[in-house]
Amino acid sequence: MSLAQCNDAQFKGWRGPLFPKALEELNQTYNMLEGDWTAEMLDKVARHIEGYITKRRFVTTDGYDWFWALTLNMEVGIRIMVALPYRCDTQCTDGAASDRSIAVYSQTIQKECHRMAEIAALRVNDAMKRVLTHSQKMAATGSA
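If you're wondering where the values come from, they're calculated on a predicted model, not measured in any experiment.

Student: Looking at this structure, I do not really get the sheet that holds strand β3 (residues 68-75). What am I missing?
Tutor: Strands pair in a sheet through their backbones, by hydrogen bonds, and they do so in one of two ways: parallel or antiparallel. The strand order across the open sheet formed by 5 strands is β1-β5-β4-β3-β2, and the pairing between neighbours is antiparallel. Both outer strands of the open sheet, β1 (15-18) and β2 (52-56), are each paired with one neighbouring strand and no more. Direction aside, the axes of adjacent strands within the sheet are offset by 20 degrees on average. With 4 bridges connecting them, strand β4 (residues 78-84) and strand β5 (residues 103-106) associate as antiparallel partners. Pairing of Ile80 across the sheet is with Ser106, part of β5. Docked against the sheet, helix α2 (residues 39-46) engages β2, β3 and β4, running at close to 165 degrees with respect to β2.

Set out below in structure tokens:
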């Protein structure tokens, strides 16, 4: 699989895709997660994300059908969407389970896009790490 950044993956009504620096770590965290991801697992992550509104599926102009996208309210009237790709190679045979990089989309003015995208990626990464750490602790103790 790959962490290719697909710049032609546009979504009507949103600016992007954006690839802030914080996506490097978010991609690593996302690809560390074991097994198949479900909407239920994503809901666990979302509960820990400040400003989380909803999750949705969508298709970008390049024809890619994203696994899920998390929409966050960053500040009054500023929405950011963090699009998560499918994790098709759970064995990470080439170092990544995803078939492309996570991407960020924005509905804010141009000068705020990158700053908000960076903050959103950090929030999602922190939430994923929290859920990952909890899952690892549960597995180590044999708890469900």
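Student: I keep staring at the environment of Thr61 and nothing clicks. Help me out?
Tutor: Relative to the helices and strands, Thr61 resides in the loop between β2 and β3. Ignoring any residue separated from it by four or fewer positions in sequence, one finds Thr61 in contact with Asp8, Ala9 and Gln10. Within the structure, Thr61 has its side chain in polar contact with the backbone oxygen of Asp8 (distance 2.9 Å).

Student: What's the story with the pattern of salt bridges in this structure? I'm lost.
Tutor: Side-chain pairs of opposite charge can arise where the charged atoms are in close proximity. Taken as a whole and assessed by the stated rule, the structure comprises 5 salt bridges. For Asp43, the salt bridge identified is with Lys55, shortest N-O distance 2.8 Å. A residue pair is termed long-range when its members are at least 10 positions apart, and Asp43 in helix α2 and Lys55 in strand β2 qualify at 12 residues. Notably, a salt bridge pairs Arg100 with Asp62, separated by 3.0 Å at the nearest N-O pair. Placement of Arg100 in the loop between β4 and β5 and of Asp62 in the loop between β2 and β3 is noted, with a sequence separation of 38 residues between them. Asp62 gets classed as partly exposed once you look at its relative accessible area, which sits at 27%.

Calculation notes
Residues numbered from 1 in each chain as written. Predicted model: local features only at pLDDT ≥ 70, side-chain atom pairs only at ≥ 80, totals over all residues. Heavy atoms only, no water. Pairing = 2+ DSSP bridges. Helix = DSSP H or I, 4+ residues; strand = E, 2+ residues; numbered from the N terminus. Axes fitted to C-alpha atoms, helices over the stretch in contact; angles between N-to-C directions. Contact = heavy atoms within 4.5 Å. Polar contact = N/O pair within 3.5 Å; in protein donor to acceptor, adjacent residues only side chain to side chain. Salt bridge = Lys/Arg side-chain N within 4 Å of Asp/Glu carboxyl O. Buried < 20%, exposed > 50% of the residue type's maximum accessible area, 1.4 Å probe, protein only.

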